[in-house]
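Descriptive structure summary
Each chain is listed here by its residues.
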Amino acid sequence: MNLVKPEGKGDPGSSCTGWVRAAQANFYRVRIDPSLAALFPEIPARFPVQKPTPAEILCTGRAKLKKTGQQVMVGDWVEVRLPPVAADLWPERGVIEAILPRCTQLPRPAIANVTQVLVVVALAEPDPEPNALSRLLVQAEASQLRVQVVLNKCDCVDPEVATTWVERLQRWGYEPLVVSAHTQAGIPQLQQCCRDQISVVTGPSGVGKSSLLNRLLPDVRLATQVVSKRLGHGRHTTRHVELFPLPEGGWIADSPGFNAGEGIPPVHPLQLIRCFPEVRDRLGTCQFRDCLHHREPGCGLRDLDWERRTFYLQLLQEVQQAQKAAVGLVQPGQDPSLARIARKAPV
């Protein structure tokens, strides 16, 4: 880990490395913490040697970042320009000059450098919908991070209902945690799962993400709201992405809820099958590297009986259509990630 030269009086200013802990509007809370940087040895972190750490300062982003299409995300490691202050003090404000290379990145929620995704689904109020859940899981799998499914509100259903969903998800290649934010059932197992990880909680509105985080973070009280009986889903209580330290070690991020039935995963069509854990280990049985596992003769997965095959083919068509629409230019107002889907080469 490299260190900047010590600052002295009359210093015109300096720069250091920081970690974006929270973002709201055009402001960012940046944490200066060498111990946190130790979790990311590939990051060329630099810290002033005479200032006390950890510290947190409020920053804005340099205009050139926006002009060049760079978006500062929560979880980013950034270079921060500090105004001149005494050598042993931190300024109240700073400016983000550059974004360091990301290890991982999620488009929704917009967060970088996390190590696992907690996909939270309610067993009731609202009831889980298989295709919407599958779409959410595929989006999480596309990040190539560890994906942990969390089935919340187990206190609202009979044990047989929870068991049915656990067995179904096991067939999909997952080992879900069954929890209740209300009764605290399964919370110790969830705490263990998050220890020493940088996790992001994602899922539809109303599934109890903020309530679960209130159990994991006793010193943080996040706003919660009941599910609308008229609409059948929750309202957004989280308005921005923010990372919080866990008492057992590690960090966890809350994120705004969304409609799980929307969104196209940012993957090449040839790589989409890798977002389905139940068949991922069977890819070696297919003799073709450029196989879409649809109608190709001799495909090793063509005759395999698996529950989500129909959904896979539906999503494959959507990804292919997005690829065709994005070839060439991205029209003004379109999502540039579509062009990245089209250009991304399979591996």
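These numbers were taken from a predicted model, which means no experiment stands behind them. (Residues numbered from 1 in each chain as written. Predicted model: local features only at pLDDT ≥ 70, side-chain atom pairs only at ≥ 80, totals over all residues. Heavy atoms only, no water.)

Next up on the list: the overall build of the protein chain. For the protein chain, the helix and strand inventory stands at nine helices and 13 strands. Across the 347 residues that make up the protein chain, the buried fraction comes to 51%. If you sum the accessible surface of the protein chain, you get close to 17500 Å²; carbon and sulfur atoms cover 50% of it. (Helix = DSSP H or I, 4+ residues; strand = E, 2+ residues; numbered from the N terminus. Buried < 20%, exposed > 50% of the residue type's maximum accessible area, 1.4 Å probe, protein only. Areas by Shrake-Rupley, 256 points an atom, 1.4 Å probe, with all protein chains shown as cover.)

Here the focus is the packing of aromatic side chains. In this structure the tally under the stated criterion is seven aromatic pairs. Ring plane angle 75° and centroid distance 5.0 Å describe the contact between Trp19 and Trp251, whose orientation is recorded as edge-to-face. Taken together, the positions of Trp19 in strand β1 (residues 14-24) and Trp251 in strand β13 (residues 251-254) put the pair 232 residues apart, joining distant regions of the chain. Since its relative accessible area comes to 0%, Trp19 is described here as buried. The exposure class of Trp251 is buried, given its relative accessible area of 8%. Taking 5.5 Å as the distance between ring centres and 85° as the angle between the ring planes, the aromatic pair formed by Phe276 and Tyr312 counts as edge-to-face. Here the residue Phe276 occupies a position in the loop between β13 and α7 (277-280), and Tyr312 occupies one in helix α8 (residues 309-326), the gap between them amounting to 36 residues. On the accessibility criterion, Phe276 (0% relative accessible area) is buried. The structure contains a cluster of three or more aromatic residues connected by ring pairs, namely Trp19, Phe40, Trp77 and Trp251. Between the NZ or CZ atom of Arg168 and the centre of the ring of Trp165, over which it lies, the distance is 5.1 Å. (Phe/Tyr/Trp six-rings, centres within 6.5 Å; stacked < 30°, edge-to-face > 60°. Lys NZ or Arg CZ within 6 Å of the ring centre and 35° of its normal.)

This part is about α8. Residues three or four positions apart in an α-helix share a direction because the helix packs 3.6 residues into each turn. Its 18 residues place the ends of α8 26 Å apart at the C-alpha level, agreeing with the 26 Å of an ideal helix rising 1.5 Å per residue. Listed in full, the buried residues belonging to α8 are Arg309, Phe311, Tyr312, Leu315, Leu316, Val319, Ala322, Gln323 and Ala326. End-on, the buried residues of α8 take up no more than an arc of 140°, which puts them together on one face. Opposite the packed face of α8, turned more than 90 degrees from it, sit the exposed residues Thr310, Lys324 and Ala325. (Expected span 1.5 Å × (residues − 1). Arc of directions from axis to C-beta.)

Moving on, we get to the confidence of the model for the protein chain. Chain-level statistics for the protein chain give a pLDDT mean of 83 and a share of 83% at 70 or above. Taken as a whole, residues 223-238 scores under 50 in pLDDT and shows 30 contacts with residues more than four places along the chain or in a different chain. Within the model, the stretch residues 329-347 combines pLDDT values under 50 with 20 contacts to residues more than four positions away or in other chains. (pLDDT = per-residue confidence, 0-100. Contact = heavy atoms within 4.5 Å.)

Any two side chains of opposite charge can pair if their charged atoms end up close together. The full count for this structure, using the stated rule, is 10 salt bridges. The salt bridge involving Arg21 is made with Glu56; its shortest N-O contact spans 2.8 Å. On the criterion of sequence distance, the pair formed by Arg21 in strand β1 and Glu56 in strand β3 (residues 55-61) is long-range, its members being 35 residues apart. Note that Glu318 is salt-bridged to Arg135, the shortest N-O span being 2.9 Å. With Glu318 in helix α8 and Arg135 in helix α3 (residues 130-141), this residue pair connects regions lying 183 residues apart in the sequence. (Salt bridge = Lys/Arg side-chain N within 4 Å of Asp/Glu carboxyl O.)

Three or more residues of helix α5 (residues 187-194) are buried, namely Ile187, Leu190, Cys193 and Cys194. Take α5 and look down its axis: the buried residues cluster within an arc of 115°, on one side only. Close packing links the buried residues of α5 with β8 (116-122), β9 (146-152), β10 (177-178), β11 (198-202), α6 (209-216) and β13. Looking one or two residues beyond α5, the residue adopting positive phi is Asp196, at roughly 60°.

Another aspect to go through is the packing of α3 against α8. Between α3 and α8, the least distance of the axes is 11 Å, while the angle of their chain directions is 60°. Between α3 and α8, the interaxial angle falls into the category oblique. For the element pair α3 and α8, the recorded crossing hand is right-handed. Touching Asn131, Ser134, Arg135 and Val138 of α3 are Phe311, Gln314, Leu315 and Glu318, all from α8. Its residues assigned to classes, the contact of α3 with α8 shows three nonpolar, three polar and two charged. (Axes fitted to C-alpha atoms, helices over the stretch in contact; angles between N-to-C directions. Parallel < 35°, antiparallel > 145°, perpendicular 65-115°, else oblique. Left-handed = near helix turned anticlockwise from the far one by under 90°. Nonpolar A, V, L, I, M, F, W, Y, C, P; charged D, E, K, R; others polar.)

What follows is about the nonpolar core. Residues Val30, Trp77, Ile96, Val119 and Leu137 are the most contacted members of the largest nonpolar core, which totals 57 residues. Ignoring any residue separated from it by four or fewer positions in sequence, one finds Ile96 in contact with Val20, Tyr28, Val30, Cys59, Thr60, Gly61, Arg62, Leu65, Val72, Val78 and Glu79. (Core = buried A, V, L, I, M, F, W, Y, C linked by side-chain atoms within 4.5 Å.)

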